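Listed below, chain by chain, are the residues.
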Amino acid sequence: MRCRAAHGLPEEEELGRRIEPGGAQLAALQTGDPVLKREFAQNEIPPPSKNFADFKEAMVAPMTWLGEVRGVLGVLSYESGRFDSSELEILEAFARFASLAFNNAQSYEERERQARIQQGFYRVAEALGSPLSLAETLDTLAQAAAEALGGDSAAVLEPGGPGLPLGRPHQLPPSVADRLAEGVAPGATPFRLRRRAER
């Protein structure tokens, strides 16, 4: 699993962190039921990471959508005896709302993605039907590809000689553009070229 949101924890350390399910999390995922874990720091297996080592209790509820467990929602306390069955029921209700919100957000992102892709194809079709120069056409193609796929940069590589010299870039970092301008050998990966150049 990957941590997607955190409150009361160091976000710079937790957000995006990959977590191997275990203990209370794994139990909630496997059973589909909320779990209350007493003496969390002492009894959790595997032992919790340093940011969770001082918590006394934890509640974890599965986030389920259309019968599929999509993740878990957890609440922790530094105080022993803080949670009981009534809080566990409330957390389960929050997890259901969280599942609905998560699905709505994913649906929105997918609609946005499809709209970007359609706009990109429209830009390419418009370029094909316009009296543009080769350079302008390639510029449009690179920009449309980056925007349609949510990328930050794009490049068109043209065959020539033993490799692939850079054609028309869109928003490429100067170091990458300079390296690509030297030519890319068949089978090479531009991102690996950039890493080598930055070392």
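Up top you'll find the structure we're talking about.
What comes next is a walk through the structure. All of these numbers come straight from a predicted model, not from anything done at the bench.

With antiparallel pairing, the three strands of this open sheet are ordered in space as E1-E2-E3. Among the strands making up the open sheet, the edge pair consists of strand E1 (35-37) and strand E3 (68-77). Pairwise comparison of adjacent strand axes, ignoring direction, gives a mean angle of 20 degrees for this sheet. Relative to E3, strand E2 (residues 57-65) is paired through nine bridges, and the arrangement is antiparallel. Bridge pairing in E3 links Pro62 to Val72.

Our focus in this paragraph is unusual backbone geometry. Here the amide bond leading from Ile45 into Pro46 is cis, since omega sits at 0 degrees, within 30 degrees of zero. Mapped onto the secondary structure, Pro46 falls in the loop between helix H3 (40-43) and E2. With phi around 45 degrees, Glu39 is a residue other than glycine that occupies positive phi space. Position of Glu39 among the secondary structure elements: in the loop between E1 and H3. Overall, Glu39 belongs to the partly exposed group, its relative accessible area being 35%.

With that settled, the discussion passes to the nonpolar core. One finds Cys3, Ala6, Leu9, Ile19, Phe40, Phe52, Phe55 and Ala58 forming the largest nonpolar core, which totals eight residues. Met59, Ala61, Phe83 and Ala95 belong to the second-largest nonpolar core, a separate cluster that totals seven residues.

Let us now look at the layout of surface pockets. Reported here for the largest pocket is a volume of approximately 1,200 Å³. Around the largest pocket, the lining is made up of 40 residues, and of these Cys3, Ala5, Gln25, Val72 and Gly74 lie nearest the centre. At the level of elements, helix H2 (23-31), E2, E3 and helix H4 (85-128) are the ones that each hand at least two residues to the lining of the largest pocket. For the lining of the largest pocket, the class distribution of residues is 24 nonpolar, eight polar and eight charged.

Under the 1.5 Å per step criterion, the end-to-end length of helix H5 (residues 134-148) is 21 Å for 15 residues, consistent within 8% with the ideal 21 Å. Gly150 sits one or two positions beyond H5 and adopts a positive phi of about 70 degrees.

For the rest of this paragraph, the subject is the side chain of Asn103. In this fold, Asn103 is placed in helix H4. A residue is classified by how much of its surface remains accessible, and Asn103, at 16% relative accessible area, is buried. Polar contacts involving the side chain of Asn103 include one to the side chain of Trp65, which spans 3.1 Å. Setting aside residues no more than four positions away along its own chain, Asn103 makes contact with Trp65 and Arg70.

A word on the pattern of salt bridges. Two side chains bearing opposite charge may form a pair once their charged atoms approach each other closely. Under the criterion given, the structure shown has six salt bridges. In this structure, Lys37 and Glu44 form a salt bridge, with 2.6 Å as the shortest nitrogen-oxygen distance. The shortest N-O distance in the salt bridge between Arg82 and Glu87 comes to 3.8 Å.

We now examine the packing of aromatic side chains. The tally for this structure, following the rule as stated, stands at two aromatic pairs. With a centroid separation of 6.1 Å and an interplanar angle of 50 degrees, the aromatic rings of Phe52 and Phe55 are classed as tilted. What makes Phe52 buried here is its relative accessible area of 15%. Ring centres 4.4 Å apart and planes at 15 degrees place the aromatic pair Phe55 and Tyr78 in the stacked group. Remark: Tyr78 occurs in the loop between E3 and H4 and Phe55 occurs in the loop between H3 and E2; sequence separation between them is 23 residues. In this structure Tyr78 comes out as exposed when scored by relative accessible area, which is 54%. Each residue in the set Phe52, Phe55 and Tyr78 is aromatic and connected to the rest through ring pairs, giving one cluster.

The rules we used
- Residues numbered from 1 in each chain as written.
- Predicted model: local features only at pLDDT ≥ 70, side-chain atom pairs only at ≥ 80, totals over all residues.
- Heavy atoms only, no water.
- Pairing = 2+ DSSP bridges.
- Helix = DSSP H or I, 4+ residues; strand = E, 2+ residues; numbered from the N terminus.
- Axes fitted to C-alpha atoms, helices over the stretch in contact; angles between N-to-C directions.
- Buried < 20%, exposed > 50% of the residue type's maximum accessible area, 1.4 Å probe, protein only.
- Core = buried A, V, L, I, M, F, W, Y, C linked by side-chain atoms within 4.5 Å.
- 1 Å grid on protein atoms, 1.4 Å probe; cavity = no way out; pocket = protein on both sides within 12 Å on 5 of 7 lines; lining within 4 Å.
- Points joined across faces, edges and corners; volume = space filled by probe spheres on them.
- Nonpolar A, V, L, I, M, F, W, Y, C, P; charged D, E, K, R; others polar.
- Expected span 1.5 Å × (residues − 1).
- Polar contact = N/O pair within 3.5 Å; in protein donor to acceptor, adjacent residues only side chain to side chain.
- Contact = heavy atoms within 4.5 Å.
- Salt bridge = Lys/Arg side-chain N within 4 Å of Asp/Glu carboxyl O.
- Phe/Tyr/Trp six-rings, centres within 6.5 Å; stacked < 30°, edge-to-face > 60°.

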